[in-house]
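Report on the structure
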Amino acid sequence: MSNMRNASSTDRSNLRVALMCGTIFFSMVGLAFASVPLYRLFCQVTGYGGTTQRAEQQYSDTILDREITVRFDANTSGGLGWDFAPVQRDVTLKLGETVQIAYKAQNKASYSTSGRATFNVTPELAGAYFNKIECFCFTDTELKPGETLDMPVVFFVDPDIINAPELKNIRTITLSYTFFPLDRDKPQANSAKLGEGEEEHRKVEGNNG
């Protein structure tokens, strides 16, 4: 009888351990799936890694009589066949002043392609004070063969930047974009040629039969 009680107690103990391990496992899986959006939210709120802010208002409530220069950088990655560059290399504005600039992109491929832009500013700490009201980076961009597109960016630099000890003497910020291709893009011309080749192959096999 004593052995049976000990065995039952051991089984219950093993069950508790198994349940605890299962709970920990599923919790870790849930955290893994949540980590990416949480990290993005953290970056947006804090400006960590040079992540800029998306402003809901169209302008700053305060404009200071102090100027800052914003430089513009453009890059493409992953074999995206675009010419991508800022229309102007830099602009000088007052802290709190809303300005509009533009980038230009041209699709050099013979088929439609789509891109998604990532962005950051340097120095990275300035990301928390760089507010974008309108930006092509908010949505994906599709360009037809040879199409050229002007893409505006409307922004202001929060005057509160002067209250940050590390940034109070800053005079220049660099805004950088990198366009990446979207996986859904496929050369339709190549697909058509492949289809013609398969049809021709079927005809040859039919004749041989």
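These lines cover the structure that appears in this document, whether it is placed above or below. (Residues numbered from 1 in each chain as written. Predicted model: local features only at pLDDT ≥ 70, side-chain atom pairs only at ≥ 80, totals over all residues. Heavy atoms only, no water.)

**Considering the pairing of strand E7 (residues 130-135)**
- Burial runs high along E7: 5 of the 6 residues are buried.
- Bridge count between E7 and strand E9 (residues 148-157): 5 bridges; the pairing is antiparallel. Residue glutamate 134 lies in a different strand from E9, and its bridge partner there is valine 154. (Buried < 20%, exposed > 50% of the residue type's maximum accessible area, 1.4 Å probe, protein only. Helix = DSSP H or I, 4+ residues; strand = E, 2+ residues; numbered from the N terminus. Pairing = 2+ DSSP bridges.)

**Describing the pattern of salt bridges**
- Summed over the entire model, instances satisfying the criterion amount to 4 salt bridges.
- One salt bridge in this structure joins lysine 108 and aspartate 83, with 3.8 Å as the shortest N-O distance. Highlighted residues: lysine 108 in the loop between strand E5 (99-107) and strand E6 (113-122) and aspartate 83 in strand E3 (residues 82-86), separated in sequence by 25 residues.
- Here lysine 108 falls in the exposed class, since its relative accessible area comes to 51%. (Salt bridge = Lys/Arg side-chain N within 4 Å of Asp/Glu carboxyl O.)

**Considering the nonpolar core**
- Core analysis: the largest hydrophobic core is formed by 35 residues, its most contacted members being Tyr103, Phe136, Phe155 and Tyr177.
- For this core, the elements supplying multiple residues, two or more each, are strand E2 (67-76), E3, strand E4 (90-94), E5, E6, E7, E9 and strand E10 (172-181). (Core = buried A, V, L, I, M, F, W, Y, C linked by side-chain atoms within 4.5 Å.)

**Observations concerning unusual backbone geometry**
- Cis rather than trans, the peptide bond between threonine 122 and proline 123 has omega equal to 0 degrees.
- The topology assignment puts proline 123 in the loop between E6 and E7.

**Things to note about the side chain of threonine 141**
- Structurally, the position occupied by threonine 141 is in strand E8 (residues 141-143).
- Exposure remark for threonine 141: the relative accessible area of 8% places this residue in the buried category.
- Discounting chain neighbours no more than four positions away, the residues touching threonine 141 are Trp82, Thr113, Ser114, Gly115, Phe136, Leu149, Met151 and Phe179. (Contact = heavy atoms within 4.5 Å.)

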